[in-house]
Amino acid sequence: MPNFKLDDREIPFEPGETIIRAAQKAGIDIPHYCWHAGLSVAANCRMCLVEIMPPPGRPAMLLDVLSWDTEKQEYIPQKKPKLVPSCQQAAADGMVVKSQTSEHVDTARSAVQELLLLNHPVDCPICDQAGECRLQDYWLEHQGTKKRMRDEPIHKPKAVVFGPTIVYDAERCIVCTRCVRVSEELAKDPVLSVRERGNLNEIVVAPGRQLDHAYTLMTEYVCPVGALTSIDFRFKARVWFLRSARTVCTGCATGCNSFTDFDPRNQHAYRYRPRENLAVNKFWMCDDGMLDHRRIHEGRVLTARVRGEASTIPAALEKAVEVLSKATADSTAVVLSAEHSNEDNFALLLLAKALGFSAVYQSGRPAGPGDDILRHPDKNPNTTGIASLAKASGLKTFAEFVEAIRAGKASTVLALGSATPTGGGAAALSDVKNLVAFSTHEGPFAERARVLFPASSWAEADGTFVNAKGMSQESEKAITPQGDSKPAYRLIAELAAALGKPLGWKKLAELRALMAPPAERSAASESASLGAE
Ligand code: SF4
Ligand code: SF4
Ligand code: FES
């Protein structure tokens with residue numbers, strides 16, 4: 001692989017790669033605003049300037065400049081090397097690049113910072129971006145001086161509602177055009193553009209339109225400053241209180257890699273952010289997925305119930321044992337859930353096997369809109385996972401489950417999950433005499449269960465999900481289980497023990513070892529993602 005030298009460090013690069021991307025992949029952040037690895041190069045902010053040393057024996061390209069001499073109180077002619085935007089310049093083998101070790105680069109970055117902050121309001125204390133704002137960070141790293149301009153700054157529109165999800169503050173905007181390029185290049189909907197020139201310019205929505213495509217939250221996500229804020233997240237939390245878990249979005253079968261940002265003090269998940277994985281979601285997530293964190297706290301089943309009355313888990317276990325001890329194999333159905341992880345589904349399969357129940361069906365959320373960007377019409381994260389886990393059992397569809405209920409072959413049902421793929425199927429559940437369900441959310445199963453166990457959501461447990469491409473991905477636990485809930489695999493193990501049929505594992509690692517041979521698991525972790533911009 002070819003190499004170039006960046007501040008005395010050798011950086012490998014793929015032919016055609018820019019200096020900034022190769023440096024980023026090597027873990028070095030060259031300061032930048034407008035560049036984003038997933039977007040075209042705009043090279044408009046000039047924050048990423050670097051000095052490229054001339055090859056031995058060749059003269060440097062020098063520019064004539066005037067510098068202010070504070071002693072003489074006059075401008076004096078000088079020469080300085082022509083700096084180059086590293087976001088645009090392709091790396092070349094043997095190239096020598098100075099970023100942190102060039103005084104010319106230092107001066108240029110400081111000047112760019114000063115220019116960007118000339119008209120910027122000093123409203124960091126009330127800005128939602130505070131704590132993760134590049135203007136703040138780079139001021140500290142590359143400028144650190146007080147404002148010299150004494151004039152009234154230019155004032156521009158504030159709190160402009162761009163659409164159902166995004167609010168714009170033109171005074172904070174540095175017109176890097178990342179949001180414009182996200183709309184055009186990712187969402188294929190060029191609804192944003194730049195109006196005016198110089199310090200009057202601002203981002204505007206196309207006349208007669210709203211910013212309302214399926215990826216609007218990616219405009220806010222890429223905005224390096226506090227100009228775009230999401231209506232969902234603004235003023236809800238200070239980012240320095242949040243911690244992040246490396247998770248997988250459960251909004252559809254694409255399985256986008258994400259961070260779940262949560263406040264450990266109140267165990268509340270506040271937002272998702274994309275996590276780079278070039279093989280799955282590249283740098284992005286869709287709006288539906290980004291807003292799916294709300295389901296972690298909304299509509300949850302948080303206590304056990306027996307015949308619809310609030311109960312405790314031990315009392316529910318007792319009742320479930322009573323129900324299941326009388327169940328016969330030919331009138332019992334087991335329902336796996338494509339909403340749940342492999343761990344939860346595998347534990348249920350183990351229990352079904354221990355009890356001799358062999359009729360295995362699947363449920364999940366109804367299909368929804370998809371596109372050729374990220375969104376998959378299958379709104380379940382683990383349809384492929386359960387198909388492969390239950391291959392040997394001959395996994396049957398939800399429609400077949402409804403037929404089995406109608407034919408009287410499912411008077412007892414042991415079910416995982418909350419949603420059903422069709423409204424009609426949900427009604428059929430009313431005919432099930434003994435429904436024992438493990439549900440995260442209110443829904444047809446929780447409503448009709450004779451015994452209901454409160455299952456923890458995907459954010460409250462480690463879990464493995466297999467996406468539509470067949471990639472097995474692990475999602476980390478973010479917050480502690482809500483209410484009385486426990487991970488479904490734990491509840492199932494407790495039920496198995498209460499039935500006198502222990503499942504043969506105590507820890508999650510032991511369950512995982514039973515679920516897949518070690519070789520397969522290490523192949524799964526190869527899909528691990530790289531991080532976030
Ligand atoms: S709103 Fe944000 S992303 Fe869009 S141009 Fe302004 S600073 Fe850049
Ligand atoms: S495409 Fe699917 S997995 Fe990706 S963010 Fe959207 S809902 Fe989540
Ligand atoms: S990152 Fe803006 S010019 Fe390179």
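Reading the values: rules and limits
- Residues numbered from 1 in each chain as written.
- Chains lettered and ligands numbered in written order.
- Predicted model: local features only at pLDDT ≥ 70, side-chain atom pairs only at ≥ 80, totals over all residues.
- Heavy atoms only, no water.
- Helix = DSSP H or I, 4+ residues; strand = E, 2+ residues; numbered from the N terminus.
- Buried < 20%, exposed > 50% of the residue type's maximum accessible area, 1.4 Å probe, protein only.
- Contact = heavy atoms within 4.5 Å.
- Pairing = 2+ DSSP bridges.
- Axes fitted to C-alpha atoms, helices over the stretch in contact; angles between N-to-C directions.
- Arc of directions from axis to C-beta.
- Near = heavy atom within 4 Å.
- Nonpolar A, V, L, I, M, F, W, Y, C, P; charged D, E, K, R; others polar.
- Salt bridge = Lys/Arg side-chain N within 4 Å of Asp/Glu carboxyl O.
- 1 Å grid on protein atoms, 1.4 Å probe; cavity = no way out; pocket = protein on both sides within 12 Å on 5 of 7 lines; lining within 4 Å.
- Points joined across faces, edges and corners; volume = space filled by probe spheres on them.
- Right-handed = clockwise from strand over helix to strand, strands pointing away.
- Phe/Tyr/Trp six-rings, centres within 6.5 Å; stacked < 30°, edge-to-face > 60°.
- Lys NZ or Arg CZ within 6 Å of the ring centre and 35° of its normal.

Colleague: Is there a simple way to explain the overall build of the protein in this structure?
Modeller: Check the secondary structure of the protein and you find 15 helices and 24 strands. The C-alpha extent of the protein, read off along each of the three principal axes, is 100 × 50 × 40 Å. The buried share of the protein, taken over its 533 residues, is 54%. Sequence separation of at least 24 residues holds for 66% of the intrachain contacts in the protein that already meet a minimum separation of 6.

Colleague: Sorry if this is basic, but what is going on with the sheet that holds strand 14 (residues 257–263) here?
Modeller: In sheet architecture, strand pairing relies on hydrogen bonds along the backbone and comes in two forms, parallel and antiparallel. In space, the three strands of this open sheet follow the order 13-14-15, with antiparallel pairing throughout. Only two strands of the sheet have a single neighbouring strand rather than two, namely strand 13 (243–248) and strand 15 (268–274). This sheet shows a mean twist of 30 degrees between the axes of neighbouring strands, independent of strand direction. The sheet contact formed by strand 14 and strand 15 spans six bridges and is antiparallel. Pairing of Asp261 across the sheet is with Arg271, part of strand 15.

Colleague: How should helix 14 (residues 508–515) be read in this particular structure?
Modeller: An α-helical turn contains 3.6 residues, so any two residues separated by three or four positions project in the same direction. Inspection of helix 14 places Leu508, Leu511, Arg512 and Met515 among the buried residues, and these make up the whole buried set. An end-on view of helix 14 places all buried positions within 100 degrees of arc, on one side of the element. Residues of helix 14 that are exposed and point over 90 degrees away from its buried face: Ala509 and Ala513.

Colleague: What exactly am I supposed to notice about the site of ligand 1 here?
Modeller: Contacts to ligand 1 come from 14 residues, most closely from Cys173, Cys176, Thr177, Cys179 and Cys223. Within the shell around ligand 1, the residues separate by chemical class into 12 nonpolar, one polar and one charged.

Colleague: In this structure, what is going on with the side chain of Ser363? I would like to understand it.
Modeller: Position of Ser363 relative to the elements: it lies in strand 19 (residues 360–363). Sequence-distant contacts of Ser363, that is, excluding residues within four places in its chain, are made with Val335, Leu336, Ser337, Ala338, Phe398, Leu416, Ala419, Pro421 and Phe445.

Colleague: Whenever I open this one, the pattern of salt bridges confuses me. Can you help?
Modeller: Two side chains of opposite charge can pair, provided their charged atoms sit close to one another. Throughout the structure, instances matching the rule amount to 27 salt bridges. Its salt-bridge partner being Asp169, residue Lys158 comes within 2.9 Å of it at the nearest N-O pair. Within this pair, whereas Lys158 is found in the loop between helix 3 (134–142) and strand 8 (160–161), its partner Asp169 is found in the loop between strand 9 (166–168) and helix 4 (178–186), the two being separated by 11 residues in sequence. For Lys158, a relative accessible area of 39% translates into the label partly exposed. The exposure class of Asp169 is buried, given its relative accessible area of 6%. The partner of Arg512 in a salt bridge is Glu474, and the shortest N-O contact between them spans 3.9 Å.

Colleague: Is there a simple way to explain empty space enclosed by the protein in this structure?
Modeller: Any empty space left between atoms is shown by rolling a water-sized probe over those atoms. In total, this model carries five cavities of 30 Å³ or more according to the counting rule given. Estimated volume of the largest cavity: approximately 150 Å³. The wall of the largest cavity is formed by 16 residues, among which His340, Asp344, Ser456, Ser457 and Trp458 lie closest to the centre. Split into classes, the residues belonging to the lining of the largest cavity amount to five nonpolar, seven polar and four charged. Within this model, the second largest cavity holds a volume of roughly 70 Å³. The residue makeup of the lining of the second largest cavity, split by class, is 11 nonpolar, one polar and no charged.

Colleague: For this particular structure, what's the right way to read the pairing of strand 19?
Modeller: On a regular strand, each side chain points to the face opposite its neighbour's, so the side chains alternate between the two faces of the sheet. In the sheet, strand 18 (residues 332–337) pairs with strand 19 via four bridges, with the strands oriented parallel. Within strand 19, the residue paired with Val335 across the bridge is Tyr361. At this point the chain moves from strand 18, through helix 8 (residues 342–355), to the parallel strand 19, and the crossover so formed is right-handed.

Colleague: Looking at this model, I keep getting lost on the packing of aromatic side chains. Mind explaining?
Modeller: A ring pair, where both rings are aromatic, is described by two values, the distance of the centres and the angle of the planes. Under the definition given, this model contains 10 aromatic pairs. Geometrically, the ring pair formed by Tyr361 and Phe401 is tilted, given 5.4 Å between the ring centres and 50 degrees between the ring planes. One end of the pair, Tyr361, is in strand 19; the other, Phe401, is in helix 10 (residues 398–406), and 40 residues separate them in sequence. The burial state of Tyr361 is the same as that of Phe401; both residues are buried. Taking 5.5 Å as the distance between ring centres and 55 degrees as the angle between the ring planes, the aromatic pair formed by Phe398 and Phe401 counts as tilted. Here Phe401 and Phe398 lie together in helix 10, a separation of three residues that amounts to about one turn. Both residues of the pair, Phe398 and Phe401, belong to the buried class. One aromatic cluster is present, built from ring pairs that chain together Tyr361, Phe398 and Phe401. Above the plane of the ring of Phe233 lies Arg271, whose end atom (NZ or CZ) is 4.6 Å from the centre.

Colleague: Whenever I open this one, the sheet that holds strand 21 (residues 434–439) confuses me. Can you help?
Modeller: Spatially, the seven strands line up as an open sheet ordered 17-16-22-21-20-18-19, and their pairing is mixed. Of all the strands in the sheet, the pair left with one neighbour each is strand 17 (309–311) and strand 19. Taking the axes of each pair of neighbouring strands and ignoring which way they run, one obtains an average angle of 20 degrees across the sheet. Relative to the sheet, helix 7 (residues 313–325) contacts strand 16 (304–306), strand 17, strand 20 (412–416), strand 21 and strand 22 (451–454), its axis offset from that of strand 22 by approximately 135 degrees.

Colleague: Explain the layout of surface pockets here, please?
Modeller: Quantified by volume, the second largest pocket comes out at close to 540 Å³. Tallying contributions element by element places helix 2 (residues 103–117) first for the lining of the second largest pocket, with three residues. Class assignment of the residues belonging to the lining of the second largest pocket gives a composition of 12 nonpolar, seven polar and four charged.

Colleague: Help me understand the environment of Leu389, please; the structure alone is not making it clear to me.
Modeller: With respect to the helices and strands, the residue Leu389 is situated in helix 9 (residues 383–389). For the pair Leu389 and Val334, spaced 55 residues apart in sequence, the C-alpha separation works out to 14 Å. Setting aside residues no more than four positions away along its own chain, Leu389 makes contact with Asn342, Asn345, Phe346, Leu349 and Met515.

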